[in-house]
Amino acid sequence: MRAHPSLSVSLLLICPALASAQTVQRQEGRAYAANGDTLLYRETHWLQGSQQAQSRLVLYRCADGRPFARKWMTPQGSPQTPDFALEDGRDGYQEGVRGNGAARTVYVRATSDATPVSRALEVPSGAVVDAGFDAAVRRHWADLLEGQPVAFQFLLPSRQRLVPLKLQRTGALTWKGQPAQQLQMKLDAWFGFAVPAVTLIYASADQRLLQFTGTGNVRDQNGRYPQVRVEFPSPPVAAGAAELATARGQALVKTCDS
């Protein structure tokens, strides 16, 4: 998965031809209410390419498995600052970032019949866009383990601005039987609006994201961004190009109600 809108973990693929030339992996996630075990939605992620230039596609699925939203993410200069495009099939909401290098355009469309609102931004070196926080964690892993905080600018598409965040290790723990490290990401200044802190749990062995707890990046039925706990208990597995192409073209449902 942003930080008001969240950072929840998300992905993309540029074209089916690339999928056949590079390894594709699939990973499953489940999003629960932050303080309970109510399943809110599922996430299926497809990853392609190396961590330094990784493209991703994610389908957000109703609890019964039907997809209601899709996000594409492609590398743009740095793995921390990808381009991405999110579309929610329930009401046509869209948001994303596109551009070249530091010069980017952030856009938001509230509903399918609304006029998109966009803004040009300069994204500085070392900033983080969307799921680029995952690359930032790996880049600064050694510093984090030593207790050093990492500060960076994070892009909030819904507010079309960059905000300062601080990432810091808060301790070691065992997560579902495996050694892990807990990190916290929080606003590093006061901006007149609240951004709840995000808690991240990473596997100690391979720096794989195991759990994200914070503000989700897909809205609930009331148009709000709920506090969620997204778990990724299993590592990615091999997937095929045909599966990826199907996921890219799969129709999005307009409601998760039966």
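Residues numbered from 1 in each chain as written. Predicted model: local features only at pLDDT ≥ 70, side-chain atom pairs only at ≥ 80, totals over all residues. Heavy atoms only, no water.

## Quick look at the overall build of the protein chain
1) Next: From N to C terminus, the protein chain includes 4 helices and 15 strands.
2) Next: By its C-alpha atoms, the protein chain is 45 × 40 × 40 Å across when sized along the principal axes.
3) Next: Looking at the 258 residues of the protein chain, the share that counts as buried comes to 49%.
4) Next: Accessible surface for the protein chain amounts to roughly 11300 Å². Of this, 49% is attributable to carbon and sulfur atoms.
5) Next: In the protein chain, 28 positive and 21 negative side-chain charges are present, and the distance between their average locations comes to 1 Å. (Helix = DSSP H or I, 4+ residues; strand = E, 2+ residues; numbered from the N terminus. Buried < 20%, exposed > 50% of the residue type's maximum accessible area, 1.4 Å probe, protein only. Areas by Shrake-Rupley, 256 points an atom, 1.4 Å probe, with all protein chains shown as cover. Lys, Arg positive; Asp, Glu negative; His and termini not counted. Charge placed at Lys NZ, Arg CZ, Asp CG, Glu CD.)

## Comments concerning the packing of aromatic side chains
1) Next: Evaluated as defined, the whole model comprises 4 aromatic pairs.
2) Next: One Lys or Arg, K176, reaches over the ring of W175 and ends 5.2 Å from the middle of that ring.
3) Next: In this structure, R219 is placed above the aromatic ring of Y93, and the distance from its NZ or CZ to the ring centre is 4.2 Å. (Phe/Tyr/Trp six-rings, centres within 6.5 Å; stacked < 30°, edge-to-face > 60°. Lys NZ or Arg CZ within 6 Å of the ring centre and 35° of its normal.)

## Quick notes on the pattern of salt bridges
1) Next: Under the defined criterion, the tally for this structure stands at 12 salt bridges.
2) Next: The salt bridge involving R229 is made with D37; its shortest N-O contact spans 3.3 Å. Of this pair, R229 sits in strand β14 (residues 227–231) while D37 is found in the loop between β1 (24–33) and β2 (39–48), placing the two residues 192 residues apart along the sequence.
3) Next: On the basis of relative accessible area, D37 is assigned to the exposed category, the value being 67%.
4) Next: Overlapping salt bridges bring together D37, K176, R229 and E231 as one network. (Salt bridge = Lys/Arg side-chain N within 4 Å of Asp/Glu carboxyl O.)

## Points about the nonpolar core
1) Next: Residues L167 and L200 are the most contacted members of the largest nonpolar core, which totals 50 residues.
2) Next: Per-element accounting of this core gives the leading share, 5 residues, to strand β9 (residues 150–156).
3) Next: Leave out the neighbours within four places in its chain, and L167 touches V137, L144, Q148, P149, V150, F152, L183, Q184, M185 and L200.
4) Next: Ranked by size, the runner-up nonpolar core spans 9 residues in total, among them W46, L57, W72 and A247. (Core = buried A, V, L, I, M, F, W, Y, C linked by side-chain atoms within 4.5 Å. Contact = heavy atoms within 4.5 Å.)

## Section: the pairing of β14
1) Next: Most of β14 is tucked away: 4 of the 5 residues are buried.
2) Next: Of the strand pairs in this sheet, β1 and β14 are connected by 4 bridges, and their pairing is antiparallel. Each bridged residue has a counterpart across the sheet, and for Y32 the counterpart in β14 is R229. (Pairing = 2+ DSSP bridges.)

## Remarks on the state of the cysteines
1) Next: Within the structure shown, the criterion is met by 1 disulfide.
2) Next: The partner cysteine of C62 in its disulfide is C256, sulfur to sulfur 2.0 Å. Note on the C62 and C256 pair: the S-S dihedral is about -80°, so by sign convention the disulfide is left-handed. On the criterion of sequence distance, the pair formed by C62 in the loop between β3 (55–61) and β4 (67–76) and C256 in the segment after α4 (241–249) is long-range, its members being 194 residues apart.
3) Next: Given a relative accessible area of 29%, C256 falls into the partly exposed group. (Disulfide = S-S within 2.5 Å.)

## Some points on the environment of A197
1) Next: For A197, the position within the fold is in the loop between β11 (178–187) and β12 (198–203).
2) Next: Since its relative accessible area comes to 34%, A197 is described here as partly exposed.
3) Next: C-alpha of A197 to C-alpha of L187: the two residues are 10 residues apart in sequence and 7.1 Å apart in space.
4) Next: Excluding its chain neighbours within four sequence positions, the residues that come into contact with A197 are Q184, M185, K186, T213 and G214.

## Examining unusual backbone geometry
1) Next: One non-glycine residue, Q160, lies in positive phi territory at about 55°.
2) Next: With respect to the secondary-structure elements, Q160 resides in the loop between β9 and β10 (161–175).
3) Next: The class for Q160 is buried, based on a relative accessible area of 10%.
4) Next: If you check the backbone angles, K176 has positive phi at about 50° while not being a glycine.
5) Next: Its place among the elements puts K176 in the loop between β10 and β11.

## Regarding the environment of A53
1) Next: Note on placement: A53 falls in the loop between β2 and β3.
2) Next: Accessibility expressed as a relative area gives 40% for A53, which makes it partly exposed.
3) Next: Between the alpha carbons of A53 and D64 there is a distance of 32 Å; along the sequence they are 11 residues apart.
4) Next: The residues contacting A53, other than those within four sequence positions of it, are Q48 and P75.

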